[in-house]
There are 2 protein chains.
Amino acid sequence: MNDTLLLAFDDERALAEELAAALGVLLAFVSVHRFPDGELRLQLPKPLPATVWLLRGLQQPNEKLVELMIAAPTARELGARRLSLISPYLAYMRQDIEFNPGEAVSQRHMARLLAAHFDQVLTIDPHLHRIASLDEVMPPGVGIALSAAPVLGAWIAAKVPDALLIGPDEESAQWVREAAAAGGLAHAVGHKVRHGDHQVSLALPEVDVQGRAVVLLDDMASTGRTLIGAAQALLARGAASVDVAVTHALFNGDALPALHAAGVRHVWSSNAVPHESNAVSVVPLLARALTTS
Amino acid sequence: MNDTLLLAFDDERALAEELAAALGVLLAFVSVHRFPDGELRLQLPKPLPATVWLLRGLQQPNEKLVELMIAAPTARELGARRLSLISPYLAYMRQDIEFNPGEAVSQRHMARLLAAHFDQVLTIDPHLHRIASLDEVMPPGVGIALSAAPVLGAWIAAKVPDALLIGPDEESAQWVREAAAAGGLAHAVGHKVRHGDHQVSLALPEVDVQGRAVVLLDDMASTGRTLIGAAQALLARGAASVDVAVTHALFNGDALPALHAAGVRHVWSSNAVPHESNAVSVVPLLARALTTS
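Described in the following lines is the structure provided in the data block.

## Looking at the pattern of salt bridges
Residue and element names in this part refer to chain A. A complete count under the given rule lists 32 salt bridges over all chains for this structure. For Asp-169, the salt bridge identified is with Lys-192, shortest N-O distance 3.6 Å. Pair noted here: Asp-169 is in the loop between strand S9 (164-167) and helix H5 (173-183) and Lys-192 is in strand S11 (residues 191-195), with a separation of 23 residues, a long-range link. Given the relative accessible area of 7%, Asp-169 is considered buried. Via salt bridges that share partners, Asp-11, Glu-12, Arg-56 and Glu-67 belong to a single interconnected network.

And the structure:
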């Protein structure tokens, strides 16, 4: 694939190198300089081949979104004719409804903004609750969502052979089922209890966890408060151990130490978001999708 | 103008209130909440009238650009049929050429991005050097550039009646001429001396400054290093006093104390960018343009 380049940013170097090797394509980096006035200066390789895959996860998204709004048209000026975004974590997917009058439905606006700049947007486990597919917020065929559930399920089965997988809420039901199937594991799913517009608590599933090795599974963890509450409740109910596995290790603030302080034994994540908890790789998933799309 | 609303952000409240009063229109604010994962949640008044003027200066621009990319489509969904951006300071206007191979021409990309989201973009003294007008980077008629040079010139004439205005380089020549004409003041302009691609020093004009009250005039100041060098050189040549007047008081880092430490007496700016140095208002300028456009 001589006419294809993987373009990445320096803070995702390890993931970029693994992906370029799996794909057998050249890798180059966007150089980013930040001026004292906050402006960014970007420099891309020149010229660019016809097909460019731009790798950019959107954890802590705002500065990175501006980089993309500059990098995408620059890439086209420099020769890219087919420009795809590989965004292992896609931001703004949870703001999917006008919760209060006048509230921005950022999911829709961000999806359209990205679709206006890229021919394809490839991501992993986007947090879609009220919509079934990215096709509802992007032109058909632009958005491609892969799932890390099977690789997480297989990892868990290898580490905790008799694990009981527990998903936090109904929204994760199908995703947890896929992980359980891939690992040949038992699973159960809790449900959300809403108290007003933004207050939500979690009710654990009515299963006996006495003496069980439980693994809490979710697509993402930010502050970790949901997982912490669930872990404490499971241990109080007699679970032998509680581990946590997530696709997207955002783990903002003190989330990771707080999880361990709450009694969580292992915290595992995919490398969709670079983080010290990364245990399984999404590269084979991405490489398969990129070489068949 | 019952069908018109001025919409602003809380950190520009003073400018917004002054502008709303001058225009005789209702004022409302976009509510912005920032989540731990870096995402923003915006809430706008609902419903919106047919004409919405959104006030947002783009100093320290990146987070604010994302706000605009969310606020603009939200405003249209909430009823705005004509949506104008009032951006007293427009960012990314200096990256107007590919200085090195593959470098992003961010001026063009940002201009197009804003023009794709707003029917009109009104700004003050955009830093245009290699292009003559915003029409070269936006669809004709979308970009409107006003100049604060006349109000700055009049302010200086009132404070320093015999001032000699000095502009830093050829690019500021026309702009300094306008300020001088408005204030009935003498003026002169230096020139840039380039050392390589990004290294630039300034040569002062060959005028006798001995015993003169000099006012250095520029469209913007970021780190202030250019103005500091010029002030020191002018004082060394015998200038009686050196003041500084700029449209856009970015003054990043220690720029303001460093200017005073270099011997600069007064630092004046327009309120296009809210700053403690603000001395003259751009509101009459903006109000005139908005009520005649």
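Picking up where we left off.
## Concerning the packing of helix H3 (residues 106-117) of chain A against helix H2 (residues 61-77) of chain B
At a closest axis distance of 10 Å, the pairing of H3 of chain A and H2 of chain B adopts a crossing angle of 115 degrees. Compared by their axis directions, H3 of chain A and H2 of chain B come out roughly perpendicular. Here the hand of the crossing between H3 of chain A and H2 of chain B comes out right-handed. The segment H3 of chain A lies against H2 of chain B, with Ser-106, Arg-108, His-109, Met-110, Arg-112 and Leu-113 of chain A engaging Val-66, Met-69, Ile-70, Pro-73, Thr-74 and Glu-77 of chain B. Looking at the contact of H3 of chain A with H2 of chain B, its residues break down into six nonpolar, three polar and three charged.

## Examining the relation of the copies chain A and chain B
Overlaying chain A with chain B gives an RMSD of 0.0 Å, the required rotation being 180 degrees about an axis along which the chain moves by 0.0 Å. Expressed as an axis order, the relation between the two copies is that of a two-fold axis. Counting the interface residues of chain A, we find that 100% of their copies in chain B are interface residues as well, pointing to one common contact surface.

## Considering helix H8 (residues 283-292) of chain A
Count 3.6 residues to each turn of an α-helix, and residues three or four apart come out pointing the same way. Regarding H8 of chain A, the residues found buried are Val-283, Leu-285, Leu-286, Ala-287, Ala-289 and Leu-290 of chain A. Buried residues belonging to H8 of chain A abut helix H1 (13-23), strand S5 (51-55), strand S6 (82-87), strand S7 (120-124) and strand S8 (143-146) of chain A.

## Description of the sheet that holds strand S1 (residues 4-8) of chain A
Residue and element names in this part refer to chain A. In spatial order, the strands read S2-S1-S5-S6-S7-S8; together these six strands make up an open sheet with parallel pairing. This sheet does not close on itself; its edge strands, each paired only once, are strand S2 (26-29) and S8. Each strand axis lies, on average, 20 degrees off the axis of its neighbour in the sheet, ignoring direction. The pairing of S7 with S8 spans four bridges and is parallel. The residue of S8 that forms the bridge with Leu-122 is Ile-144. H1 contacts S1, S2, S5 and S6 of the sheet and is inclined by roughly 155 degrees relative to S2.

Rules used throughout
- Residues numbered from 1 in each chain as written.
- Chains lettered and ligands numbered in written order.
- Predicted model: local features only at pLDDT ≥ 70, side-chain atom pairs only at ≥ 80, totals over all residues.
- Heavy atoms only, no water.
- Salt bridge = Lys/Arg side-chain N within 4 Å of Asp/Glu carboxyl O.
- Helix = DSSP H or I, 4+ residues; strand = E, 2+ residues; numbered from the N terminus.
- Buried < 20%, exposed > 50% of the residue type's maximum accessible area, 1.4 Å probe, protein only.
- Axes fitted to C-alpha atoms, helices over the stretch in contact; angles between N-to-C directions.
- Parallel < 35°, antiparallel > 145°, perpendicular 65-115°, else oblique.
- Left-handed = near helix turned anticlockwise from the far one by under 90°.
- Contact = heavy atoms within 4.5 Å.
- Nonpolar A, V, L, I, M, F, W, Y, C, P; charged D, E, K, R; others polar.
- Least-squares fit on C-alpha atoms with pLDDT ≥ 70 in both.
- Pairing = 2+ DSSP bridges.

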